[in-house]
Amino acid sequence: MVRSLTSLSRSSGVMGMRNSPVWKSNTDPVMPKLRWYVKDLQDWADLYGIRIGQPPVFPVNSVKAMRGAIVAARHRLLPRWSRRVFETYWGELRDISQDEVLAPLVEEIGLDPAEFFAEIASPEIKDCLRANTEELIARGGFGSPTMFIDGEDMYFGNDRLPLVEHALGRAPA
């Protein structure tokens with residue numbers, strides 16, 4: 001039997017509705033936790049061989065990038081899009097809310113920027129992201145990445161990937 005894995009994007013809507021203490025900690029941080037957080041991010045970056053810095057715009061308005069993920073997925077370019085957006089924000093420390101930052105990424109993955117920006121502004125794409133966000137909240141999710149196996153078995157966070165791999169390998173319930 002083939003197991004199914006679903007990953008739903010988060011939006012600032014999820015964070016605002018589910019994680020208001022997280023947002024508060026951005027303006028009034030607990031210093032020992034903040035020092036640990038910076039070290040933890042660097043540990044993950046070292047493990048995966050990626051760059052993670054401290055973006056000057058944090059948290060960032062990622063709505064256009066998330067709508068772009070829907071467009072990229074429809075063109076079977078989601079992994080390339082996601083990686084480039086991640087690298088641009090966390091590695092290059094650039095503001096991914098800005099069209100002039102996203103446009104070169106759109107071209108890099110092989111899409112036409114004019115068409116891309118028209119699509120992410122369309123009611124269809126906006127509604128799709130809104131529906132994804134509402135579905136994640138309804139299913140008990142509270143951030144990104146959230147992954148579901150076989151529709152119900154929820155995992156949150158990149159540190160849960162070994163558990164996701166294990167769950168995918170076990171016999172279906």
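### Some points on the pattern of salt bridges
Working step 1: Counted under the stated rule, the structure contains 12 salt bridges.
Working step 2: Notably, a salt bridge pairs Arg130 with Asp127, separated by 2.8 Å at the nearest N-O pair. Taken together, the residues Arg130 and Asp127, both in helix α8 (residues 123–138) and 3 residues apart, mark about one turn of the helix.
Working step 3: For Arg130, a relative accessible area of 43% corresponds to the partly exposed category.
Working step 4: In this structure, Asp159 and Arg160 form a salt bridge, with 2.5 Å as the shortest nitrogen-oxygen distance.
Working step 5: Through salt bridges that share partners, Arg83, Arg84, Glu87, Glu92, Arg94 and Glu108 make up one connected network.

### Here we look at a nonpolar patch on the surface
Working step 1: Judged by side-chain polarity, Met31, Leu34, Trp36, Tyr37, Val38 and Phe58 come together as a nonpolar surface patch covering roughly 540 Å² of accessible area.
Working step 2: The partly exposed category is assigned to Tyr37, whose relative accessible area is 30%.

### A closer look at helix α6 (residues 99–108)
Working step 1: Taken residue by residue, α6 has Val101, Leu102, Ala103, Leu105 and Val106 as its buried positions.
Working step 2: Residues of α6 that are buried in the fold lie against α4 (63–74), α5 (78–91) and α7 (113–120).

### Considerations on α4
Working step 1: Compared with the 16 Å implied by 1.5 Å per residue over 12 residues, the 17 Å span of α4 between its first and last C-alpha is a close match.
Working step 2: Of all the positions in α4, only Ala65, Met66, Arg67, Gly68, Ala69, Ile70, Val71 and Ala72 are classed as buried.
Working step 3: Looking one or two places after α4, you find Arg76, whose phi comes out positive at around 60°.

### Digging into the pairing of strand β3 (residues 153–156)
Working step 1: Pairing of strand β2 (residues 146–149) with β3, which is carried by 4 bridges, proceeds in the antiparallel orientation. Opposite Met147, over in β3, you have Tyr155 as the bridge partner.
Working step 2: Between β2 and β3, which follow one another and run antiparallel, lie 3 residues, and Asp150 among them has a positive phi close to 55°.

### Looking at the nonpolar core
Working step 1: Counting residues in each nonpolar core, the largest one holds 25 residues, and the members touching the most others are Val71, Trp81, Val85, Ile96, Ile109, Leu111 and Phe116.
Working step 2: With 6 residues, the single largest contributor to this core is α4.
Working step 3: Non-local contacts of Ile96, meaning those with residues more than four positions away in its chain, are made with Val60, Ser62, Ala65, Val85, Thr88, Tyr89, Val101 and Leu102.
Working step 4: Within the second largest apolar cluster, 5 residues are counted, among which are Met147, Ile149, Val164 and Ala167.

### Points about unusual backbone geometry
Working step 1: In the segment running from Phe58 into Pro59, the intervening peptide bond is cis, with an omega of -5°.
Working step 2: Turning to its location among the elements, Pro59 is positioned in the loop between α3 (31–48) and α4.
Working step 3: Positive phi outside glycine occurs at Arg76, with the angle close to 60°.
Working step 4: Mapping Arg76 onto the fold places it in the loop between α4 and α5.
Working step 5: Even without being a glycine, Asp150 presents a positive backbone phi close to 55°.
Working step 6: Here Asp150 is to be found in the loop between β2 and β3.

So, how was this worked out
Every residue gets a number counted from 1 within its own chain, in the order that chain's sequence is written. Reporting in this predicted model follows two pLDDT cut-offs: at least 70 for local features of residues, and 80 or more for side-chain atom pairs to be given and counted; totals over whole chains, interfaces and linings ignore these cut-offs and use all residues. The side-chain numbers reported here are obtained from all heavy atoms of the structure, hydrogens and water having been left aside. Only one rule defines a salt bridge in this text: a Lys or Arg side-chain nitrogen within 4 Å of an Asp or Glu carboxyl oxygen. Comment: elements are numbered from the N terminus, with helices defined as DSSP H or I runs of at least four residues and strands as E runs of at least two. Three exposure classes are used, based on accessible area relative to the maximum for each residue type with a 1.4 Å probe and protein chains only: buried under 20%, partly exposed in between, and exposed over 50%. Every patch collects residues that have over 30% relative accessible area and no salt bridge, joining them within 9 Å if they carry like charges and within 5 Å if they are nonpolar side chains (Val, Leu, Ile, Met, Phe, Trp, Tyr). For the accessible areas, the method is Shrake-Rupley and the probe is 1.4 Å, while residue cover comes only from the protein chains on display. Contacts are assigned to residue pairs with any non-hydrogen atoms lying within 4.5 Å of each other. Multiply 1.5 Å by the residue count of a helix minus one, and that product is the helix's expected span. By this definition, two strands are paired if DSSP reports at least two bridges between them. The nonpolar core is taken to be a set of buried Ala, Val, Leu, Ile, Met, Phe, Trp, Tyr and Cys residues, with the residues joined through side-chain atoms within 4.5 Å.

On their own, these measurements won't tell you what the molecule is for.
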